Amino acid sequence: MKRALITGITGQDGAYLASLLLDKGYHVTATHRRSSAPNFWRIEHLGIRNHPNLKLLELDLIDLSSCIRIVQAAEPDEVYNLGAQTFVTYSFEQPLTTAQITGLGPMHMLEAIRLVNGRIRYYQASSAEMFGKVQAVPQSETTPFYPRSPYGVSKLFAHWMTVNYRESFGLFGCSGILFNHESPLRGLDFVTRKITDGVARIKLQNGPPVELGNLGAKRDWGFALEYVEGMWRMLQASEPDTYVLATNRTETVRDFATLSFEAAGIAVEWVGKDENERGISPVDGRELVRINPRYYRPAEVDLLKGDSTKARMKLGWKPKTTLEELCTMMVRADLARIERSLVTEKEPARDLETLVSTPHLVGAGEHERVRVLMRQP
Ligand code: NAP
Ligand code: G4F
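This write-up is about the structure you can find in this document. Residue numbers run consecutively from 1 along every chain, following the written order of its sequence. Chains carry letters from A onward and ligands carry numbers from 1 onward, assigned in written order. In view of the model being predicted, local features appear only for residues whose pLDDT reaches at least 70, and side-chain atom pairs are presented and counted only at 80 or more, with totals across whole chains, interfaces and linings using the full set of residues. The side-chain quantities take in all heavy atoms of the structure and omit both hydrogens and water.

A short note on the site of ligand 1
- Contacts to ligand 1 come from 25 residues, most closely from Thr10, Arg33, Leu82, Thr86 and Tyr151.
- We define a polar contact as two N or O atoms separated by no more than 3.5 Å, with the added condition that, inside protein, one atom must be a possible hydrogen donor and the other a possible acceptor, whereas residues neighbouring each other in sequence contribute only through side-chain atom pairs. Leu61 has a polar backbone atom sitting 2.9 Å from a nitrogen atom of ligand 1.
- Between Thr86 and ligand 1, the recorded distance is 2.7 Å, taken from a side-chain N or O atom to an oxygen atom.
- Working definition of accessibility: Shrake-Rupley area with a 1.4 Å probe, residue cover restricted to the visible protein chains. For ligand 1, the protein covers 89% of the area, taking 900 Å² as the surface of the free molecule.
- Under the scheme used here, helices are H or I runs from DSSP no shorter than 4 residues and strands are E runs no shorter than 2 residues, and both carry numbers assigned from the N terminus. At the level of elements, α1 (12–23), β5 (121–127) and α6 (150–169) are the ones that each hand at least two residues to the shell around ligand 1.
- Residue contributions to the shell around ligand 1 peak at three residues, all from β5.
- Three categories are distinguished: nonpolar for Ala, Val, Leu, Ile, Met, Phe, Trp, Tyr, Cys and Pro, charged for Asp, Glu, Lys and Arg, and polar for the others, with Gly belonging to the last. Its residues placed into classes, the shell around ligand 1 shows nine nonpolar, 11 polar and five charged. Definition of nearness: a residue and a molecule or strand are near each other if at least one heavy atom of the residue lies within 4 Å of the molecule or strand.

Focus: the sheet that holds β5
- Spatially, the seven strands line up as an open sheet ordered β3-β2-β1-β4-β5-β6-β11, and their pairing is parallel. Taken across any chain shown, the strands that pair with only one partner, and hence form the sheet edges, are β3 (54–58) and β11 (242–245). Neighbour to neighbour, the strand axes of the sheet diverge by 20 degrees on average, direction disregarded.
- Both strand β2 (residues 27–32) and β3 contribute to a ladder of five bridges, which runs parallel. Directly across from His32, in β3, lies its bridge partner Glu58.
- Across the sheet, helix α3 (residues 64–74) touches β1 (3–7), β2 and β3, and the angle it forms with β1 is around 155 degrees.
- Seen against the sheet, helix α5 (residues 95–116) touches β1, β4 (78–81) and β5 and runs at an angle of roughly 170 degrees to β5. In short, DSSP must find at least two bridges between two strands for them to pair. Axis definition: a line fitted to C-alpha atoms, limited for helices to the stretch in contact. Angles are taken between N-to-C directions and run from 0 to 180 degrees. Any two residues whose heavy atoms approach within 4.5 Å are treated as being in contact.

Thoughts on the state of the cysteines
- A pair of cysteine sulfur atoms is labelled a disulfide when the two atoms are within 2.5 Å. Counted according to the given criterion, the structure contains zero disulfides.
- Not part of a disulfide, Cys174 finds its nearest cysteine sulfur in Cys67, a span of 19 Å.
- According to the relative accessible area criterion, Cys174 is buried, its value standing at 0%. Only protein chains enter the calculation, and the probe is 1.4 Å; a residue is then buried if its accessible area is under 20% of its type maximum, exposed if over 50%, and partly exposed in between.

Quick word on the site of ligand 2
- Around ligand 2, the surrounding shell holds 25 residues, and the nearest of these are Ser127, Tyr151, Asn180, Arg297 and Glu300.
- Gly213 has a polar backbone atom sitting 2.8 Å from a nitrogen atom of ligand 2.
- Calculation on ligand 2 without its partners gives an accessible area of 710 Å², and the protein chains cover 96% of this total.
- Of all elements in the fold, only α7 (191–205) and β8 (210–212) reach the threshold of two or more residues within the shell around ligand 2.

Some thoughts on the sheet that holds β8
- The sheet built from four strands is open, its strands ordered β8-β15-β14-β13 with mixed pairing. Looking at which strands have only one partner, the edges of the open sheet turn out to be β8 and β13 (269–271). Geometrically, the sheet is characterised by an average inter-axis angle of 20 degrees between neighbouring strands, direction not taken into account.
- Inspection of the sheet shows β8 paired to strand β15 (residues 287–291) by three bridges, in the parallel sense.

Side note on α5
- Take the residue count of a helix, subtract one, and multiply by 1.5 Å to get its expected span. An ideal rise of 1.5 Å per residue puts 32 Å on 22 residues; α5 measures up with 30 Å between its terminal C-alpha atoms.
- Of all the bends in α5, the greatest, near 40 degrees, is centred on Leu104, and the proline Pro106 appears no more than four residues after it.
- Within α5, the full set of buried residues consists of Thr98, Ile101, Thr102, Gly103, Gly105, Pro106, His108, Met109, Leu110, Glu111, Ala112 and Ile113.
- Elements in contact with the buried residues of α5: β1, α3, β4, α4 (88–93), β5 and α6. Each residue is assigned a bend, namely the angle between axes fitted to the seven residues that terminate at it and the seven residues that start at it.

As structure tokens, this is what we get:
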């Protein structure tokens, strides 16, 4: 039985990756930060919280000695370092905290691996935010970096440290430069889930307009479950390397909102410009989206579009879910959550139909578990 250590189990990717590895027969040690109210709704949603091969331990990445002890205790073959302060806006408000967690945290894990067992394979969750003010379109492994936020700068430090430990100490360190990936398990702070949640509230609860910032920003959005599978593939390769995972399609935030409203059967028309732009219903003129400048960023990443040819050629990885399917999946999940009055992030949301309707995206075990759960009241 292979053993994996995952940091960040309470996050979107950590939950999906743990589920995937358990389905593959791994023993998984997964870490979360100590909290007076642990945030396990995602692993509860996936039905793995009490899995016999899942062990949950506390860890804060800013504490080197804890990282060493966790690596000793977990005895992993593979470490997936997903824990980070991940919200770009917050990184402008708390740059030092972000640098400590998102920049230095990975170095602590690398150092822990070097000290405990240099044969452990390491995955670093790098980000398309490192491309920032992009120097080429699309962006690939060879595109120069130009980060635009303390988050992006911190991720770049961690990326280069991973490359450096690979080259200096022969560590099997992989860096996955992942473009935005979303799902019904995405946090509400991020623009996609903020939109799909807002759409569902408008549809079912006559909710307020969705307040957004920069509608013109372009992102390359994929489905998270496919991206965590790509992480696993990187650590199964014969050599450690750096890979981009992306869909190679870029759309604006405005487009994502249009698709999400359409998925709920609501047409939207865009009127006005800049701060006065609004999304309105062509049927009754109702305001659906408005701009709130508080969501603008001090420096913006205007355009991300990734080229994942290398991952396709070397790992056999490619994304399958289209943006339309992703929007529909997320909107349906939020509609289901609200219908069941499970509206807070802390509660498990059983939008299980979503998973059942995408059998090609989940392992056989996961699919069966979801079916069993669906039969339960
Ligand atoms: P997420 O949902 O925000 O999850 C982040 C996780 O990191 C949470 O479990 C969080 O725990 C944990 N964490 C925060 N501070 C920590 C600390 N000091 N020590 C240990 N753990 C800590 O993020 P995600 O979307 O799953 O992303 C996973 C990783 O991929 C992150 O490193 C992210 O930067 C990177 N990434 C994500 C994307 C994307 O589009 N999703 C794209 C590129 C790269 P709490 O619940 O306690 O806060
Ligand atoms: O959803 P976002 O907050 O994601 P962002 O900044 O692209 O970062 C995400 O993807 C990165 C990979 O490329 C990850 F590394 C990172 O951890 C995170 O997962 O914002 C997307 C875009 C931005 O241009 C933002 O300015 O949407 C724009 N936006 C417009 N209105 C908004 C809003 N973003 C948020 N969060 N909230 C808004 O109201």
